[in-house]
Amino acid sequence: MADALALAAVVIFVYMSAVFLLALARKNNGIVDIGWGAGFILVSAVTFLNFGHGRARQWLALALVLIWGGRLALHIFARNRGKEEDFRYAAWRRQWGRYFVIRSFFQIFMLQGLLMLLVSAPLLLILGQVQPPLNLLDGVGALVWLTGFLFETIGDRQLAAFIRDPLNRGRLMTGGLWSYTRHPNYFGEAALWWGVGIIALSAANGWLGLIGPALITFLLLFVSGVPLLEKKYAARPDWEEYKRRTPMFVPWIPKK
C-alpha cells in the first residue's frame, strides 16, 4: 500500500503540473475541472498495472472509476467548450493579481492534486494489494455506487437540457431530480464514492478507504460545492422559495 501511495503521489504531481501548464497556455483554469475525473482514471490504471493481481474486486474498481471519470470529464468538457472561464476561477484571477500564476499552481492545481490523492484512498487499497474473493459488501458497494452515478448523470443531463431551452433563461432548475434535492449531482458524487469505500472495506486495512468518501462529502457540503453555488443564488425570491421546500443534499420528498 505504501508503494502504491508513493507512486500515485508522483503520478498526480506530474499530471497536475501538466494540466497547470495547459491551463496557463489557454488562460483558463477551469480546465482543472475536466482533469479531475481523468486524473482518477490515470492513477487507477497506473496502480493496477504496477501492483494489481487481476482479482475480481480490482477489475470492478477499475471499471467503476473508468465509467465515472470518463463520463464526468466528457460532460464538463462539453459544458465548458467555447465558454469563458468559470466564475469561481475568474474571480480568483482578479483577486490574486500579479501573484495569480504561483497561487494558481499551489492553491488550485497542487491542492486538487493532494485532494485527488486522498480521495483515491479506497482505490489504492483495492488496486495496490492482493484481494480476497468478492463478497456481500462488494454487492452493497456497487449498488450504492450505481445509485450515486445515476443521480449525478441524470441530474447533469436534466440541468443541461433545462439550460439549452431559451424559455428557461433566468429561471431556476427545480424539476426532475432537482425537486428532491437542490444538488442531485453533488449528492450522486458523494454517494458513488461511498460505494467505492464500501467495496474497499474487504481489503486489508479497508477502513482507511473511508477517508476518500468522507473527504469528498465534506468538500461538497462545506467547501467547494454546495456553499459556492448557494451563495451565488442567495437573496433571489425564487431561490428562497425553492430552498424552503427542497432538501439541500440528501434526496427527500419536497415540502408543499
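Once a new chain begins, its residue numbering starts again from 1 and follows that chain's sequence as written. Where local features are concerned, this predicted model is filtered to residues with pLDDT of at least 70; where side-chain atom pairs are given and counted, the filter is 80 or more; whole-chain, interface and lining totals use all residues. By convention in this description, side-chain values take in all heavy atoms of the structure and omit both hydrogens and water.

Colleague: Can you help me understand the packing of aromatic side chains in this one?
Modeller: The description of an aromatic ring pair rests on the distance of the ring centres and on the angle between the ring planes. Between 30 and 60 degrees the pair is tilted, below 30 it is stacked and above 60 it is edge-to-face, where a pair is any two Phe, Tyr or Trp rings, Trp via its six-membered ring, whose centres lie within 6.5 Å. For the coordinates displayed, the defined rule picks out 17 aromatic pairs. Their ring planes at 50° and their centres at 5.1 Å tell us that F40 and W193 sit as a pair that is tilted. Here F40 is found in helix α2 (residues 31–51), whereas its partner W193 is found in helix α8 (residues 184–200), with 153 residues between them in sequence. Just as F40 is buried, W193 falls in that class too. Aromatic pair Y89 and W92: ring centres 5.6 Å apart, planes at 70°, arrangement edge-to-face. Pair noted here: Y89 and W92 are both in helix α4 (residues 87–96), with a separation of 3 residues, about one helical turn. Buried residues are those whose accessible area, probed at 1.4 Å on protein chains only, stays under 20% of the maximum for their type, while exposed residues exceed 50% and partly exposed ones sit between those limits. The class for W92 is partly exposed, based on a relative accessible area of 31%. Site record: aromatic cluster; members linked through ring pairs are F20, F105, F106 and F109. Only DSSP runs of H or I reaching four residues or more are called helices, and only runs of E reaching two or more are called strands; each is numbered from the N terminus.

Colleague: Explain the side chain of Q131 here, please?
Modeller: Along the polypeptide, Q131 turns up in the loop between α6 (121–127) and α7 (136–164). Any N or O atom pair separated by 3.5 Å or less is treated as a polar contact, with the protein-specific requirement of one donor-capable and one acceptor-capable atom, and with residues adjacent in sequence counted only for side-chain atom pairs. A polar side-chain atom of Q131 sits 3.3 Å from a polar atom in the side chain of R57. The residues contacting Q131, other than those within four sequence positions of it, are R55, R57, Q58, L125, I126 and A203. Contacts are assigned to residue pairs that have any heavy atoms within 4.5 Å of one another.

Colleague: What exactly am I supposed to notice about the pattern of salt bridges here?
Modeller: Here the idea is simple: oppositely charged side chains can pair when their charged atoms come close. We define a salt bridge as a side-chain nitrogen of Lys or Arg found within 4 Å of a carboxyl oxygen belonging to Asp or Glu. Inspection of every chain in the model, using the stated rule, returns 10 salt bridges. R71 is the partner of D156 in a salt bridge, and the nearest nitrogen-oxygen pair spans 2.9 Å. Taken together, the residues span a long stretch of sequence, with D156 in helix α7 and R71 in helix α3 (residues 56–80) at a distance of 85 residues. Exposure class is identical for D156 and R71. Each is buried. Several salt bridges converge on common partners, so that one network encompasses D33, D86 and R88.

Colleague: Just checking my understanding: could you explain the packing of α3 against α8 for this structure?
Modeller: Pairs of packed helices are described in terms of their axes, by the angle between the two and the distance that separates them. Fitted lines through C-alpha atoms give the axes, limited to the stretch in contact for helices. The angle between two N-to-C directions lies from 0 to 180 degrees. Where α3 contacts α8, the axes come no closer than 11 Å and their chain directions differ by 165°. The orientation of α3 with respect to α8, classified from their angle, is roughly antiparallel. Of the two elements, α3 crosses α8, and the hand of that crossing is left-handed. Across the interface between the two elements, R57, L60, L64, W68 and L72 of α3 pack against E189, L192, W193 and I199 of α8. All amino acids are sorted into three groups, where Ala, Val, Leu, Ile, Met, Phe, Trp, Tyr, Cys and Pro are nonpolar, Asp, Glu, Lys and Arg are charged, and the leftover types, Gly among them, are polar. Along the lines of polarity and charge, the residues of the contact of α3 with α8 split into 7 nonpolar, no polar and 2 charged. An angle below 35 degrees is treated as roughly parallel, one above 145 as roughly antiparallel, one from 65 to 115 as roughly perpendicular, and anything else as oblique. Handedness of a helix crossing follows the sense of rotation of the near helix relative to the far helix, less than a right angle counterclockwise being left-handed and clockwise being right-handed.

Colleague: Even after reading the chapter, I still don't get the environment of G30, so can you show me in this structure?
Modeller: Secondary-structure assignment places G30 in the loop between α1 (2–26) and α2. For G30, a relative accessible area of 4% gives the class buried. A C-alpha to C-alpha distance of 9.9 Å links G30 and I108, two positions 78 residues apart in sequence. Not counting residues up to four positions away in its chain, the partners in contact with G30 are N80, E85 and Y89.

Colleague: What should I look at first to understand α2 in this one?
Modeller: A turn of α-helix holds 3.6 residues, and therefore any two residues three or four places apart point the same way. Each helix should span, by expectation, one fewer than its residue count multiplied by 1.5 Å. Across its 21 residues, α2 extends 30 Å between first and last C-alpha, which sits within 8% of the 30 Å expected from 1.5 Å per residue. Of all the bends found along α2, the most pronounced is centred on G37 and spans about 35°. To get the bend at a residue, fit one axis to the 7 residues ending there and another to the 7 starting there, then take the angle between the axes.

Colleague: For this particular structure, what's the right way to read the nonpolar core?
Modeller: Inside soluble globular proteins, nonpolar side chains tend to come together where they are buried. Note on terminology: a nonpolar core comprises buried Ala, Val, Leu, Ile, Met, Phe, Trp, Tyr and Cys residues joined through side-chain atoms within 4.5 Å. M16, W36, F40, W68, F109, L123 and W193 are the most contacted members of the largest nonpolar core, which totals 57 residues. Beyond its immediate stretch of four places on either side in the chain, L123 contacts F40, S44, A61, V65, G128, W193 and V196. In this structure, F162, W178, W239 and Y242 belong to the second largest nonpolar core, which totals 6 residues.

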